[in-house]
Amino acid sequence: MVDEGVGASAPPQELTDDVVRRALRNCSKGEASRLNVPAWVRGTDTALTPVVGWRDPKAPERGCLLVLDGEGVRGLVLRAPSSGGARAAAMCDLCRTTRSAGDVALFAAPRAGAAGRRGDTVGVYACADLACARCVEVVRGTAALRPDPGRTVEERRADLARRAGAFVDSVLRG
């Protein structure tokens, strides 16, 4: 069962470079044009994947998070830490998966508008590779990857969409 606001309320949208760049709400058009969109993002099944995230392969200190919900595609540019992630196992705030040491990192999202131009940011502990959508799909946990216990894949997918949407909202409230 899909929760409201998790892709079911909006028709699936094809992710193209232009769609991704127009969806980014906390950066300039110039910054968005410099973002590298990996080829696999273009092939994402948006009907099943409410959240898409990646680190820019040509600028690893930059990440991107897209939320596909009733408002369409909304995205954020994130600043990644220059060094490794958490030194011990940690839980991602978005997918609620506990990951091995170094696999969760603090990302900073500049707020949209004037607040962001003043340097205001919102932080989130997230999977260092921003692969939260893959983490919620794990059926059986491993020592390195432990999804939210007692939840089905569908429930975890809906929870990820809700939490990622709330994070995007908090950044855009500026």
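Preceding this section is the structure that the text describes.
Parameters at a glance
Residue positions are given per chain, counting from 1 as you read along its sequence in written order. Since the coordinates come from a predicted model, pLDDT governs what is reported: local features require at least 70, and pairs of side-chain atoms require 80 or more to be given and counted, while whole-chain, interface and lining totals use all residues. Heavy atoms throughout the structure, all of them, feed into the side-chain values; hydrogens and water do not. The salt bridge criterion pairs a side-chain nitrogen of Lys or Arg with a carboxyl oxygen of Asp or Glu, the two atoms within 4 Å. Strands are runs of DSSP state E lasting at least 2 residues, helices are runs of H or I lasting at least 4, and numbering of each runs from the N terminus. Residue burial is assigned from relative accessible area. The probe radius is 1.4 Å, only protein chains are included, and a residue is buried under 20% of its type maximum, exposed over 50%, and partly exposed in between. Multiplying 1.5 Å by the helix residue count minus one yields the expected span of that helix. To pair, rings of Phe, Tyr and Trp, with the six-membered ring standing in for Trp, must have centres within 6.5 Å; the planes then decide the type, stacked if under 30 degrees apart, edge-to-face if over 60, and tilted in the middle. In this analysis a 1.4 Å probe is tested at points of a 1 Å grid over the protein atoms alone, and where it fits but cannot get out there is a cavity; an open set with protein on both sides within 12 Å along at least five of seven lines is a pocket; lining residues have an atom within 4 Å of a point. Grid points are joined across faces, edges and corners, and a volume is the space filled by probe spheres set on the points. Only Asp, Glu, Lys and Arg are considered charged in this grouping, and only Ala, Val, Leu, Ile, Met, Phe, Trp, Tyr, Cys and Pro are considered nonpolar; every other residue, Gly among them, is considered polar.

Chemist: What is the right way to read the pattern of salt bridges from this model?
Modeler: For side chains bearing opposite charge, pairing can occur when the charged atoms are close. This structure, assessed with the given rule, holds 12 salt bridges. The partner of R74 in a salt bridge is D169, with the nearest N and O atoms 2.6 Å apart. In this pair, R74 sits in strand 3 (residues 72-79) while D169 sits in helix 6 (residues 153-172), placing the two residues 95 residues apart along the sequence. On the basis of relative accessible area, D169 is assigned to the partly exposed category, the value being 31%. The closest approach of N and O atoms between R151 and D159, which form a salt bridge, is 2.5 Å. Owing to a relative accessible area of 32%, R151 belongs among the partly exposed residues under this scheme.

Chemist: Where do I start with helix 6 in this structure?
Modeler: An α-helix turns once every 3.6 residues. As a result, residues three or four positions apart point the same way. The terminal C-alpha atoms of helix 6, which comprises 20 residues, lie 28 Å apart, in line with the 28 Å expected from a rise of 1.5 Å per residue. For helix 6, the buried fraction is high: 14 of the 20 residues fall into the buried class.

Chemist: Would you mind going over the packing of aromatic side chains with me for this structure?
Modeler: Two aromatic rings, taken as a pair, are described by how far apart their centres are and by the angle between their planes. Counted by the stated rule, this structure contains one aromatic pair. Aromatic pair W40 and W54: ring centres 6.4 Å apart, planes at 85°, arrangement edge-to-face. Of this pair, W40 sits in helix 3 (residues 39-42) while W54 is found in strand 1 (residues 51-55), placing the two residues 14 residues apart along the sequence. For W40, a relative accessible area of 45% translates into the label partly exposed.

Chemist: What exactly am I supposed to notice about the layout of surface pockets here?
Modeler: A probe matching the size of a water molecule, rolled over the atoms, marks out where space remains unfilled. Its boundaries defined by the atoms lining it, the largest pocket holds a volume of some 220 Å³. The wall of the largest pocket is formed by 14 residues, among which W40, T49, V51, A133 and R134 lie closest to the centre. Of all the secondary-structure elements, those providing two or more residues to the lining of the largest pocket are strand 1 and helix 5 (132-136). When the residues that make up the lining of the largest pocket are grouped by side-chain class, the tally is eight nonpolar, three polar and three charged.

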